[in-house]
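Structure assessment
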Amino acid sequence: MEKRELGKLESIELEEVGQSGDLPSPATAAQQPRNRARFTAATIIPVWIVLSSGVIIYNNYLYNTVNFKFPVFLVTWHLTFAAIGTRVLQRTTHLLDGAKDVPVSKDMFFRSILPIGLLFSGSLILSNTAYLYLSVAYIQMLKAFTPVAILLITWATRISEPSRKLLLIVLMISSGVAVTSKGERFFSWIGFFIQAGGVGFEATRLVLIQTLLHGLKMDPLVSLHLYAPVCALINLCVIPFTEGLEPFRLLAAVGEEAIPHITPFLLLTNALLAFLLNIAAVFLVGAGSGLVLTLAGVLKDVLLVAGSVVIWGGEVGTLQAFGYSIALCGLVMFKVSGGK
């Protein structure tokens, strides 16, 4: 992989449609579909920030306020909703016209789609499970380590070569995350390793996307159209070994006094919000320069950290804020440099 292709990995991650533990990000460099309305950056970026933050906050609300502690089930429900929703859109709108340009053969499915789907399911399951142990603010801080994981994988597999600038960026992000972890008041080793595993799965997935699907043009919605059913089926196979029948029993008992907060309305609106995020991401691609979208992503993360503190009364100390600032600076440097 050439150095300029390494930079694409971060543009893939930038849209973050699946990074928050909801739904997939675009599979490859985005394609501008036919017959699609355009929105200015000033219009679509605030919408994307609200939806992206809303999905994370809503998920955390279900896990820790409603006490519906079944992340594998919730992710599977999101993916099932998305698989149905994208097929409805394909038949009723032009949003998925790009799917016609992505022929999926049997060989491509088993060599590319399935391995990436397995990694994506692992990323979704682990990153959602982390919310049972860690605060929203701290999880967002840990996600800043994803570019470092990508670089370490590409260096270990000789896809790219390290440079002084990249080593400096790795040092900045790593030290920033370390300082952030040191300042975390409610630190959990279980949650930390679960989130670290999610970052590892996600970084590996992004590297495989660029190597296995190089040259294919898929925007976030087309990617979702392909991966949602695959990941939903994978997750269905995981549920019996992780959560069993308990989430289904709780849903069957909706309305009983023991679980007054679990309702179909909550699950439906939660999945709808995640689906709308993917639609917003389609219009986000191409709405602004790479720098504008990078800064929008950083702003979203900062607002989400601040918002989670306000909503749940968490604490972000001076040490954590200092460490996160260092990590964000390294993150911006990496994305602006294109990974070179």
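Structure first, text after, so check above.
Conventions we followed
- Residues numbered from 1 in each chain as written.
- Predicted model: local features only at pLDDT ≥ 70, side-chain atom pairs only at ≥ 80, totals over all residues.
- Heavy atoms only, no water.
- Buried < 20%, exposed > 50% of the residue type's maximum accessible area, 1.4 Å probe, protein only.
- Helix = DSSP H or I, 4+ residues; strand = E, 2+ residues; numbered from the N terminus.
- Axes fitted to C-alpha atoms, helices over the stretch in contact; angles between N-to-C directions.
- Parallel < 35°, antiparallel > 145°, perpendicular 65-115°, else oblique.
- Left-handed = near helix turned anticlockwise from the far one by under 90°.
- Contact = heavy atoms within 4.5 Å.
- Nonpolar A, V, L, I, M, F, W, Y, C, P; charged D, E, K, R; others polar.
- Phe/Tyr/Trp six-rings, centres within 6.5 Å; stacked < 30°, edge-to-face > 60°.
- Core = buried A, V, L, I, M, F, W, Y, C linked by side-chain atoms within 4.5 Å.

Taking burial as the measure, the eleven residues of helix α6 (residues 146-156) include eight buried ones, the bulk of the element. Restricting attention to buried positions, one finds in α6 the residues T146, P147, V148, A149, I150, L151, T154 and W155. Trailing α6 by a residue or two, R158 shows a phi angle of about 60°, which is positive.

With their axes 8 Å apart at the nearest point, helix α3 (residues 71-92) and helix α9 (residues 220-242) run at an angle of 150° to one another. With respect to α9, the element α3 is oriented roughly antiparallel. Taken as a pair, α3 and α9 cross one another with a handedness that is left-handed. Across from V72, F73, V75, T76, L79, T80, A82, A83, T86, R87, L89 and Q90 in α3, the residues of α9 making contact are L221, L224, H225, A228, P229, C231, A232, N235, L236, V238, I239 and T242. For the contact of α3 with α9, a count of residues per class yields 16 nonpolar, seven polar and one charged.

All right, on to the packing of aromatic side chains then. Scanning the entire structure with this criterion turns up 13 aromatic pairs. Taking the centre distance of 5.8 Å and the plane angle of 85° together, the rings of W189 and F192 count as edge-to-face. Placement of both W189 and F192 in helix α8 (residues 189-212) is noted, with a separation of three residues, approximately one turn of the helix. Arranged with centres 5.6 Å apart and planes meeting at 25°, the rings of W189 and F193 form a pair that is stacked. Within this pair, W189 and its partner F193 are both found in helix α8, separated by four residues, close to a single helical turn. Three or more aromatic residues joined by ring pairs form one cluster here, namely Y138, F187, W189, F192 and F193.

Once that is clear, we can look at the nonpolar core. Counting 53 residues, the largest nonpolar core has I45, L79, L89, L221, Y227, F275 and I279 as its most contacted members. When residues of this core are traced back to their parent elements, those giving at least two are α2 (41-64), α3, α4 (106-129), α6, α8, α9, α11 (264-284) and α12 (290-312). Here the element with the most residues in this core is α9; it accounts for ten residues.

The next point concerns the environment of L167. Within the element layout of this structure, L167 appears in helix α7 (residues 164-182). We classify L167 as partly exposed; its relative accessible area is 46%. Expressed as a C-alpha distance, the spacing of L167 and L151, which sit 16 residues apart in the sequence, is 9.4 Å. Other than its neighbours up to four places away in sequence, L167 contacts W155 and P162.

Now for the side chain of S53. As for its placement among the helices and strands, S53 is situated in helix α2. Owing to a relative accessible area of 10%, S53 belongs among the buried residues under this scheme. In this view, S53 contacts K300 and L304; residues no more than four positions away in its chain are not counted.

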